Amino acid sequence: MEKRFIYADNAATTAVSEEVLNAMLPHFRTSYGNASSIYELGRNAQRDVENARAKVAAAIGAEPNEIFFTSCGSESDNWAIKGTAERLGKKGKKHIITSVFEHHAVLHTTEYLEKQGFEVTYVPVDEKGLINPEDVRNVIREDTALVTIMYANNEIGTIQPIEEIAAICREKKVLFHTDAVQAVGHVEIDVHKQGIDMLSLSGHKIHAQKGIGALYVRKGIALPNLIHGGGQERGKRAGTENVPAIVGLGVAMESACKNIAEKAAVITPRRNRLIDGILQLPYTRLNGDRDKRLPGNLNISIEGIEGESLLLMLDMYGICASSGSACTSGSLDPSHVLLSIGLKHEIAHGSLRLSIEEDVTDEDVDYILEVIPKVVDRLRSMSPVWEKMMKGESYE
Ligand SMILES: *Cc1c(COP(=O)(O)O)cnc(C)c1O
């Protein structure tokens, strides 16, 4: 078997595409003007920033003046949540609703707000990793300032009933924000049609560079300024624009959000072949709903192994994968997402996430399906937990 290099961790980050890089390059050395300057070099930069804003807006059904550039998805989440809390908290609305399995950019923000005197309700998810919109409805109160529910989960890829949740929020006159960092470019999004008030997105998950993101804020919502200073981003987020990154994000959004159905038609069968192939191994289970999930995501728990060991072995075979989210690995706590769908600690520890795109070919899928059983057999043969399991002894 010839060693391959397979990048199956696009949920962690993606490579900058050639198209994006080419669009960015002139903005480092030739079109380097400050977008606030009056001369042509500056006016050109201003124009390119506004073109990028229009592209980002068009890709999600927004108006350009509803898009604010930020430095990342985490910043967008922080701004939407803390900004809303600041504004509505003053009017006595000190209750926020989110889910138990959000990204830490949301969860650590709501935990911070709890320390500031806000009350937060964490809506549960079912064993398939889906939120029931009625559970959201049931916890909305008079003093609820915001509902923030992620569009698609970064670990198990499940896609939430965003339109239904948004409709409930609208009916109850509560603002609705969604962290759509994983969904953008993989799911059709139209913020106006879907009734979304605020949406976070990030460049590096869709082939733009790391360190650029955007927040969509529906017209009429007055979010407090995030950074005080110059007049950039209509005075709401001061600081000289990162023109190359912004231009790159515009191109990446345009590119990622077209042909979504065609891309899914290529990726989904490969993803399903990976799922079915890995589930052939005994004592494995798919995490997250089989159909309501991102086209390229699979997350499987493999009993009797440690996720970290599995990743290191896969790396020796040239396969980049993840176990839980990159943010939590390095710590020994099992993923809060896997625990939220009811997995026991020891099962959550042995989980594998692959997130593939079209560049992972059918031959790559064959290779992965050849490598994984070998590696799993090897790890299980060395595992005291597996030995006990096979003898029918308790290992907890
Ligand atoms: C990656 C990710 C983020 C954070 O985005 P950054 O640009 O890395 O800050 C937030 N939410 C979700 C769901 C993500 O997958």
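A brief look at the structure comes next. All chains use their own residue numbering, which begins from 1 and follows the written sequence. With pLDDT at 70 or above as the cut-off, local features in this predicted model cover only qualifying residues; side-chain atom pairs require 80 or more to be listed or tallied, and sums for whole chains, interfaces and linings still use all residues. Excluded from the side-chain calculation are hydrogens and water; included are all heavy atoms of the structure.

Before going further, it helps to examine the sheet that holds strand β7 (residues 198-202). Hydrogen bonds along the backbone pair up the strands of a sheet, which may run parallel or antiparallel. Between any two strands, at least two bridges found by DSSP are needed for them to pair. Only DSSP runs of H or I covering at least 4 residues are called helices, and only runs of E covering at least 2 are called strands; the numbering of each starts at the N terminus. As summarised here, the arrangement of the seven strands in space is β2-β8-β7-β6-β5-β3-β4, forming an open sheet in which the pairing is mixed. The sheet is open, and its two edges are formed by β2 (67-70) and β4 (119-123), each paired on a single side. Taking each pair of neighbouring strands and ignoring which way they run, the sheet shows an average axis angle of 20°. As paired strands, β2 and strand β8 (residues 213-217) are joined by four bridges and run antiparallel to one another. In the sheet register, I67 faces β8, and the bridge partner there is Y216. What makes two residues a contact is simply this: any of their non-hydrogen atoms within 4.5 Å. Only the stretch in contact is used when a helix axis is fitted, and all axes are lines through C-alpha atoms; the angle between N-to-C directions ranges over 0 to 180 degrees. The strands touched by helix α3 (residues 40-59) are β2, β7 and β8; relative to β2, the strand with the most contacts, the crossing angle is about 115°.

What follows deals with the sheet that holds strand β12 (residues 351-355). The strand order across the open sheet formed by three strands is β9-β10-β12, and the pairing between neighbours is antiparallel. The two strands at the open ends of the sheet, each matched to only one other strand, are β9 (284-286) and β12. Between one strand axis and the next, the sheet turns by 20° as a mean value, whatever way the strands run. The sheet contact formed by strand β10 (residues 297-302) and β12 spans five bridges and is antiparallel.

Here we take up the environment of L226. Along the chain, L226 turns up in the loop between β8 and α8 (243-256). Only protein chains enter the accessibility calculation, which uses a 1.4 Å probe; a residue whose area is less than 20% of its type maximum is buried, one above 50% is exposed, and one in between is partly exposed. The exposure class assigned to L226 is partly exposed, which follows from its relative accessible area of 32%. Separated by 146 residues in sequence, L226 and A80 have C-alpha atoms that sit 9.6 Å apart. Filtering out sequence-adjacent residues up to four positions away, L226 remains in contact with E75, W79, K236 and R237.

On to helix α9 (residues 260-279). Here the expected span of a helix is defined as 1.5 Å times the quantity of residues minus one. In a regular helix each residue adds 1.5 Å, so 20 residues correspond to 28 Å; α9 covers 27 Å between its end C-alpha atoms and thus fits that length. To get the bend at a residue, fit one axis to the 7 residues ending there and another to the 7 starting there, then take the angle between the axes. Bending of α9 peaks at approximately 30° at the position of I267, with proline P269 no more than four residues after it. Residues I260, K263, I267, R270, R271, L274, I275 and I278 constitute the buried set of α9. Of the surrounding elements, those touching the buried residues of α9 are α8, β9, β10, β12 and α13 (362-381).

Turning next to the packing of α3 against α8. Put simply, α3 and α8 touch, their axes get as near as 8 Å, and they point 30° apart. In terms of orientation, α3 lies roughly parallel with respect to α8. Of the two possible hands of crossing, α3 and α8 adopt the one that is left-handed. Taking contact as the criterion, the partners of A45, D48, V49, A52, K55, V56 and A59 in α3 are, on α8, V243, I246, V247, L249, G250, V251, M253 and E254. Each residue receives one of three labels: charged for Asp, Glu, Lys and Arg, nonpolar for Ala, Val, Leu, Ile, Met, Phe, Trp, Tyr, Cys and Pro, and polar for the others, Gly being one of them. Looking at side-chain class alone, the contact of α3 with α8 contains eleven nonpolar, one polar and three charged residues. Orientation is classified from the angle alone, with under 35 degrees giving roughly parallel, over 145 giving roughly antiparallel, 65 to 115 giving roughly perpendicular, and any other angle giving oblique. Each crossing is labelled by how the near helix is turned from the far one, with a counterclockwise turn of less than a right angle marking it left-handed and a clockwise turn marking it right-handed.

Attention now moves to the environment of V375. Residue placement: V375 occurs in helix α13. Along the primary structure V375 and Y317 are separated by 58 residues, whereas in three dimensions their C-alpha atoms are 9.6 Å apart. When sequence neighbours within four positions are dropped, the list of residues in contact with V375 reads L310, M313, L314 and Y317.

Moving on: the site of the ligand. Being near a molecule or strand, for a residue, comes down to having at least one heavy atom within 4 Å of it. Around the ligand sit 13 residues, and of these S74, D179, Q182, S202 and K205 come closest. Taking S202, its side chain carries an N or O atom lying 2.6 Å from an oxygen atom of the ligand. Here a polar contact means two N or O atoms within 3.5 Å. Within protein one must be a hydrogen donor candidate and the other an acceptor candidate, and residues neighboring in sequence count only if both atoms are side-chain atoms. In the model, an oxygen atom of the ligand is placed 2.8 Å from a nitrogen or oxygen of the K205 side chain. Taken by itself the ligand offers 380 Å² of open surface, and the protein chains cover 90% of this. By residue number, the principal contributor to the shell around the ligand is helix α4 (residues 73-89), which donates three residues. Looking at the shell around the ligand residue by residue, the class counts come to three nonpolar, seven polar and three charged. Under the convention used here, a 1.4 Å probe and the Shrake-Rupley method define accessible areas, while residue burial counts only the protein chains that appear.

With that out of the way, let us pick up the nonpolar core. I60, V147, L249 and M253 are the most contacted members of the largest nonpolar core, which totals 64 residues. We call a set of buried residues a nonpolar core when its members are Ala, Val, Leu, Ile, Met, Phe, Trp, Tyr or Cys and they connect through side-chain atoms within 4.5 Å of each other. Residues I275, L286, I319 and V365 belong to the second largest nonpolar core, which totals 30 residues.

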